[in-house]
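Each chain is listed here by its residues.
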Amino acid sequence: MTRWLRRGAFALLVLAAAFALLATWLLRGSLPTLEGTLALPGLSAPVSVSRDANGTVTIDAANQHDALRALGYVHAQERYFEMDLLRRTAAGELSALFGEIAVDTDKRHRLHRMRARVSRDMDAITGSQRSQLQAYADGVNAGLATLRVRPWAYLLLRQQPAPWRVEDSPLVGHAMYFDLQGGDNARELALWRMRPHLPPALFDLLAHDGSRWDAPLQGAARGDALLPGPDVLDLRGLPASAASPAAPESPGTPGSNNFAVSGALTADGRAILADDMHLGLRAPNIWFRARLRYADAAAPGGRVDVQGVTLPGLPAVVVGSNGHVAWGFTNSYGDYQDWKLQAPCATRAPATGCARITRYSERIEVAGAAPVMLDVDETAWGPVAHREADGRVLSLRWTAHLPGAVNLGLVEFPVAGDIDQALAIANRTATPTQNLLLADAQGQVAWRLLGPLPQRSEACTLAATVETATDETCAPWPSSTAASPTLRSPALDRLWTANSRVLDGEDLRRVGDGGYVLGARALQIRDGLQAKPRLGERDLLAIQLDDRALFLQPWHALLLERANAAQSPALRELATAAARWEGRASIDSVSFRIVRSWRLAVHKRIAEGLTAPARDALGVDFVLPDFPQLEGVAWTLVSQRPAHLLPPPDASWDALFEDAAVQVRDDLAEQGPLAERTWGERNTAAICHPLAAAIPLVGKRWLCMPADPLPGDGAMPRVQGPAFGASQRMVVSPGHEADGILHMPGGQSGHPLSPFWGAGHAAWVRGEPSPFLPAPARHTLRLQPAVD
């Protein structure tokens, strides 16, 4: 019996070993080809594809078409699954890959019918660059076909990858619209719904659009809110419902930074640009590092040498430098979406003032299940997203829906010879609207918005657009990429943006406010740029890595003050644990974590208290909107502590502070002693492949980056959360790329067996100044024209 058991165990071991060998063989079959010579149909001349130790790709080609064809080939071999996710996300087609679990997400996105809109607008999207986009798509499909085994993620999902089509690249651009602008306009809708149920003075207080932390490029800081007196507003006489429990942790850490200095502020007259785009972090990273070199008569000297980061799925360097001009982005947070409340027409012959409805039937394919049909109704304003109880509909107008939402303008940036040429290209480039910063080799710097801006009339305000405007006063507006104001040197030798308000006056009215973030991060960047008369690349990197918690210092002082002044046990416990103020979001800081959590808990109680009348009136239909500028109201309230503006249900301001402290203390105490609750314990990297959770036991070990504690947070330049932060950090001076810096998390390759899986990630964690230019080649692949 024992012998049979031994034989059975041995047989199981043999089967397990055979299975492991088969799995390894299959996995290795989807690794990219790094060396040798291969044929790539469509090339006009040989192309060299080299990779350095981090997997940074350098493509040397005879012309732009060959370079983009080779880029598509490399993108497919390294990142096809990630490209596929982007196009499917935009089109609402994830269910065809993942099954029923993705149907709700697909319904939300299919409402916008992005694939249909791209198909409608393809001629305008591609313009004169259709052949470049076709070359890229052909390269993608050749790269996919050359893999011995389909990419490993499809093996796990038991799916076949669908071919890449030319319209899929514009869909990748639309995926970034969803990522950067949302597409549900939830904040504006929540504000509109609550407005009728709040006294005007209370709504105006909640809508205060700035603080003492503002640092715009144009105009002055708004300052903190002026509080209305008890004769104007008294919360004690307003209805109030029970608020939901206040959570001390933030729902997210929004951010992106870019800043630049002109040659007037550097030792040798060079202009320097810094850019770190903050996005959700994953393995592999969203970006792919590449350098493209090819002949182009339109470029200075007849040759392009451009490097930076690309987005697999797009035939372009998204941010980078071409030796003459460097460019970088941050999300702009302008107002690019509007609601309109309309009565549907009852007949095909519309009456005056009603909205004709057009219905589209959308088929959502679902892996392993029957297709799901979705009816999408649209008015001339846009898709119908909500239906009111009285039969009226809320339609959404969004720049992403309109012709001119995306195009291939980024493909032109590599030939720009100076800032003026780059600004001219920006005039005709369509992306989700970004803060574009430019620096050139002549020492100039400039800012403008890149992407479409709504051309709405002054009558299109929040209340009027939704409810009272007619098509005569607020018609369905078009958009334009050429409508942005421009700010540049020598008038401004220091430029900075950080998702907060940049403009003022008439320019701000035209761009609108889509939820600008608090200005504390921008202020810290501005002050860092002004701290030295001369700056270099390392100085700008130091600003990117600045994790000083200047914004929280007043809150730390308030915590200590109220703990000493009031009989508040929880406040005193927090104050004791946070007594040593490190002054930064360092991984070993206890005080930062405690003060941050307490401030958020106080903010939540203030927001819920001030919106209580609307919550009482709306009941289950109430949605608490995001108030990104609430600090400008909250700090005035907690400093002055007026009885008539005390949020219900607390009996005093000290009671509110203590209630917030109790929740923070109890939440943290569940993990152990307060004095040991460091920021690094909370802010630990969780940067994983999208399929990591789908592999039991070993998925997170194989498909996640190390769980490093991370310094930084949302209200300082070094924005970092567990799965959110700088998707790259770039500092470069055009013409001086050898002195530049570029690092990014998550690595280049999407394959866990690749030598480039996670390559460079450790340098990003540590903030090391990794070189902007590729290192010497470790691998070289030669692509030859196919022989008939």
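Relevant structure appears above.
For every chain, the first residue of the written sequence is number 1, and numbering continues from 1 onward in sequence order. Residues qualify for local features only when their pLDDT is at least 70, as the model is predicted, and side-chain atom pairs are given and counted only at 80 or more; totals for whole chains, interfaces and linings, by contrast, use all residues. The basis for every side-chain value is the complete set of non-hydrogen atoms in the structure, without hydrogens or water.

**Description of the overall build of the chain**
Consideration 1: Labels follow the DSSP assignment, with helices taken as runs of H or I lasting at least four residues and strands as runs of E lasting at least two, numbered in each case from the N terminus. Along its length, the chain carries 24 helices and 25 strands.
Consideration 2: Taking 28 Å as the expected radius of gyration for a compact globule of 788 residues, we find that the chain reaches 27 Å, a close match to that expectation.
Consideration 3: Referenced to the eigenvectors of the C-alpha coordinate spread, the extents of the chain come out at roughly 85 × 80 × 70 Å.
Consideration 4: The 788 residues of the chain split such that 58% are buried.
Consideration 5: Contacts in the chain between residues at least 24 apart in sequence constitute 73% of all its contacts with a sequence separation of at least 6.
Consideration 6: Here Asp and Glu are counted as negative and Lys and Arg as positive; His is not counted, and neither are the chain ends. The location of each charge is read from NZ of Lys, CZ of Arg, CG of Asp or CD of Glu. Taken as two groups, the 76 positive and 82 negative side-chain charges of the chain have centres that lie 6 Å from each other. The reference for a compact globule is 2.2 Å times residues^0.38; the radius of gyration itself is calculated from the C-alpha atoms. Burial status follows relative accessibility: with a 1.4 Å probe on protein chains alone, a residue under 20% of its type maximum counts as buried, one over 50% as exposed, and anything between as partly exposed. Any two residues having at least one pair of non-hydrogen atoms within 4.5 Å are treated as being in contact.

**Digging into unusual backbone geometry**
Consideration 1: With an omega of 0°, the peptide bond running from Ala-283 to Pro-284 counts as cis.
Consideration 2: The topology assignment puts Pro-284 in the loop between strand S5 (272-280) and strand S6 (288-295).
Consideration 3: Omega for the peptide link from Pro-648 to Pro-649 comes to 10°, which places this bond in the cis form.
Consideration 4: Note that Pro-649 resides in the loop between helix H20 (631-640) and helix H21 (653-669).
Consideration 5: One non-glycine residue, Arg-158, lies in the positive phi region at around 55°.
Consideration 6: In this fold, Arg-158 is placed in the loop between helix H7 (152-157) and helix H8 (168-181).
Consideration 7: Arg-158 gets classed as exposed once you look at its relative accessible area, which sits at 76%.
Consideration 8: Phi is positive for Tyr-333, which is not a glycine, with a value near 60°.
Consideration 9: Positionally, Tyr-333 belongs in the loop between strand S9 (325-331) and strand S10 (337-342).
Consideration 10: With a relative accessible area of 22%, Tyr-333 lands in the partly exposed category.

**Section: the pattern of salt bridges**
Consideration 1: Salt-bridge detection follows one rule: a side-chain nitrogen of Lys or Arg within 4 Å of a carboxyl oxygen of Asp or Glu. Counted under the stated rule, the structure contains 54 salt bridges.
Consideration 2: The shortest N-O distance in the salt bridge between Arg-212 and Asp-224 comes to 2.8 Å. Highlighted residues: Arg-212 in the loop between helix H10 (200-206) and strand S4 (256-261) and Asp-224 in the loop between H10 and S4, separated in sequence by 12 residues.
Consideration 3: Under the relative-accessibility criterion, Arg-212 is labelled partly exposed at 30%.

**Regarding helix H5 (residues 114-126)**
Consideration 1: Two axes enter the definition of the bend at a residue: one is fitted to the seven residues ending there, the other to the seven starting there, and the bend is the angle between them. At Arg-120, H5 is bent by approximately 60°, the largest bend along its length.
Consideration 2: Every buried residue of H5 is accounted for by Met-114, Arg-115, Arg-117, Val-118, Asp-121, Met-122, Ile-125 and Thr-126.
Consideration 3: On its buried side, H5 packs onto helix H2 (64-91), helix H6 (130-146), H8, strand S12 (372-378) and strand S14 (393-398).
Consideration 4: The first or second residue beyond H5 is Gly-127, which carries a positive phi of 55°.

**A few points about the pairing of strand S15 (residues 434-440)**
Regular strands place side chains that alternate from one sheet face to the opposite one.
Consideration 1: Taken across its 7 residues, S15 has 7 buried, putting it largely inside the fold.
Consideration 2: Judged from the 7 bridges that link them, S9 and S15 form a sheet pairing that is antiparallel. Bridge pairing links Gly-328 to Leu-437 in S15.
Consideration 3: Pairing between two strands is assigned when DSSP locates at least 2 bridges connecting them. As consecutive antiparallel partners, S15 and strand S16 (residues 445-450) are separated by 4 residues, and within that stretch Gly-443 has a phi angle of approximately 90°, a positive value.

**Focus: the side chain of Thr-433**
Consideration 1: Locating Thr-433 in the fold gives a position in the loop between helix H11 (419-426) and S15.
Consideration 2: What qualifies as a polar contact is a pair of N or O atoms within 3.5 Å, subject to a donor-acceptor requirement within protein and to the restriction that residues adjacent in sequence count only when both atoms come from side chains. A distance of 2.7 Å separates the side chain of Thr-433 from the backbone oxygen of Pro-452, its partner in a polar contact.
Consideration 3: Beyond its immediate sequence surroundings of up to four residues, Thr-433 is in contact with Gln-181, Asn-331, Ser-332, Tyr-336, Leu-449, Leu-450, Gly-451, Pro-452 and Leu-453.

**A look at the side chain of Asn-257**
Consideration 1: Mapped onto the elements, Asn-257 comes out in strand S4.
Consideration 2: In this structure Asn-257 comes out as buried when scored by relative accessible area, which is 0%.
Consideration 3: Among the polar contacts listed, one links the side chain of Asn-257 to the backbone oxygen of Pro-717, at a separation of 2.8 Å.
Consideration 4: The contacts of Asn-257, once residues within four sequence positions are left out, are Ala-274, Asp-275, Asp-276, His-278, Phe-329, Thr-330, Thr-497, Ala-498, Arg-521, Ile-525 and Pro-717.

**Some thoughts on the state of the cysteines**
Consideration 1: The rule for a disulfide is simple: a pair of cysteine sulfur atoms within 2.5 Å. Applying the stated criterion across every chain yields a total of 2 disulfides.
Consideration 2: The disulfide partner of Cys-345 is Cys-354, and the gap between their sulfur atoms is 2.0 Å. Across the S-S bond linking Cys-345 and Cys-354, the dihedral sits near 95°, which makes this disulfide right-handed.
Consideration 3: Judged by its relative accessible area of 15%, Cys-345 is buried.
Consideration 4: In this model Cys-688 forms its disulfide with Cys-704; the gap between the sulfur atoms is 2.0 Å. The S-S bond linking Cys-688 to Cys-704 shows a torsion near 105°; that makes this disulfide right-handed. Within this pair, whereas Cys-688 is found in the loop between helix H22 (679-682) and helix H23 (699-703), its partner Cys-704 is found in the loop between H23 and strand S21 (720-721), the two being separated by 16 residues in sequence.
Consideration 5: By relative accessible area, Cys-688 is classed as partly exposed at 22%.

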